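Here are the chains, one letter per residue:
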Amino acid sequence: TQTLRNAANSYSGGTVVSSGALVVGADSAIGTSPLNIGAASFSSDGSNPRVITNALTFSGNATLGNAASNGAITFSGDLNYGGAGRTLIVASPVTLKGNSQLSAGGLAAKVGSATLTLQNNILNWISAMEVHDGTLVVDGATWTNGGSLRSASTVPNGTATLLITNGAYVII
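Quantities reported herein were computed from a predicted structural model and do not represent experimental measurements. (Residues numbered from 1 in each chain as written. Predicted model: local features only at pLDDT ≥ 70, side-chain atom pairs only at ≥ 80, totals over all residues. Heavy atoms only, no water.)

A.B. asks: Is there a simple way to think about the overall build of the chain in this case?
C.D. replies: On a plain count of helices and strands, the chain comes out with zero helices and 21 strands. For 172 residues, the compact-globule estimate of 2.2 N^0.38 gives 16 Å, and the chain sits close to it at 15 Å. Principal axes of the C-alpha set define a box for the chain whose edges measure 40 × 35 × 30 Å. Taken across its 172 residues, the chain has 43% of its residues classed as buried. Counted over contacts in the chain with a minimum sequence separation of 6, partners at least 24 positions apart contribute 28%. Considering the chain, the positive charge centre built from 6 side chains and the negative charge centre built from 6 side chains are found 4 Å apart. (Helix = DSSP H or I, 4+ residues; strand = E, 2+ residues; numbered from the N terminus. Rg over C-alpha atoms; globule rule 2.2 N^0.38 Å. Buried < 20%, exposed > 50% of the residue type's maximum accessible area, 1.4 Å probe, protein only. Contact = heavy atoms within 4.5 Å. Lys, Arg positive; Asp, Glu negative; His and termini not counted. Charge placed at Lys NZ, Arg CZ, Asp CG, Glu CD.)

Structure below.
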């Protein structure tokens, strides 16, 4: 686990988290560089919420948040799913606000009991998407999905909820 607490980081060289965990203690802890999260974990260092404005690429299935250090995380930079369907394990509240690119892949599965909120425009994702646990909120977003969308818990006695709110559109 690597923890970054610098509140005024001016680093601009690019940050890749390919394994392990990166914990941030300030919104600008990774500077202005693009952030790439692979098969790794990214979370706040406590209960304080974090707003990460960096462009974000998921190059693997990632864990976002931490049940113990459960500060909400908002990613407001543009999103890229690395050209593939990605599973996001959501362990504390996460909001994705940045626009997703047409050929950049998409969200294939949401796992984890915490809420994942999509406030971004997700363009023409043509594969299946499943909510396996917790809640997926499509909040004021336009989401065009040429595949299927399914909410079905895979956790014993669990719940999987899809909530469409604030004028959001889901076109399947």
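A.B. asks: Please clarify how unusual backbone geometry should be interpreted in this entry.
C.D. replies: Non-glycine residue Asn157 carries a positive phi angle of around 60°. Backbone geometry at Asn166 places phi at a positive 55°, although glycine is not the residue there. Tracing the sequence through the fold places Asn166 in the loop between strand E20 (160-165) and strand E21 (169-171).

A.B. asks: I'm lost on the pattern of salt bridges in this one. Help?
C.D. replies: It is possible for side chains of opposite charge to pair when their charged atoms get near one another. Counted according to the given criterion, the structure contains three salt bridges. A salt bridge links Arg150 to Glu130; the shortest N-O distance between them is 3.5 Å. Taken together, the residues Arg150 in strand E19 (residues 149-151) and Glu130 in strand E16 (residues 129-131) connect sequence positions 20 residues apart. Using a relative accessible area of 45% as the deciding quantity, one classes Arg150 as partly exposed. Counted as one network, the salt bridges with shared partners bring together Arg5, Asp45 and Arg50. (Salt bridge = Lys/Arg side-chain N within 4 Å of Asp/Glu carboxyl O.)

A.B. asks: Looking at this structure, I do not really get the sheet that holds strand E7 (residues 56-58). What am I missing?
C.D. replies: As a general point, the strands of a sheet are linked pairwise by backbone hydrogen bonds and lie either parallel or antiparallel. In space, the four strands of this open sheet follow the order E2-E4-E7-E10, with parallel pairing throughout. The open sheet terminates on both sides in strands that have one partner only, identified here as strand E2 (15-17) and strand E10 (79-80). (Pairing = 2+ DSSP bridges.)

A.B. asks: Can you walk me through the confidence of the model for the chain in this structure?
C.D. replies: As a general rule, the predicted coordinates of low-pLDDT regions are not to be interpreted in detail. Scored by pLDDT, the chain has a mean of 87; 94% of the residues are at 70 or more. When the elements of the chain are averaged for pLDDT, strand E15 (residues 122-125) gives the smallest value, 62, and strand E8 (residues 62-64) the largest, 97. (pLDDT = per-residue confidence, 0-100.)

A.B. asks: Honestly, the sheet that holds strand E14 (residues 115-118) in this entry has me stumped. Any pointers?
C.D. replies: Taken in spatial order, the six strands make up an open sheet running E6-E9-E12-E14-E17-E20, and their pairing is parallel. The open sheet terminates on both sides in strands that have one partner only, identified here as strand E6 (50-52) and E20. Here the strands of the sheet are splayed against their neighbours by 15° on average, with no regard to which way each runs. Of the strand pairs in this sheet, strand E17 (residues 134-139) and E20 are connected by six bridges, and their pairing is parallel. Residue pairing in the sheet places Thr135 in a bridge with Thr161 of E20. (Axes fitted to C-alpha atoms, helices over the stretch in contact; angles between N-to-C directions.)

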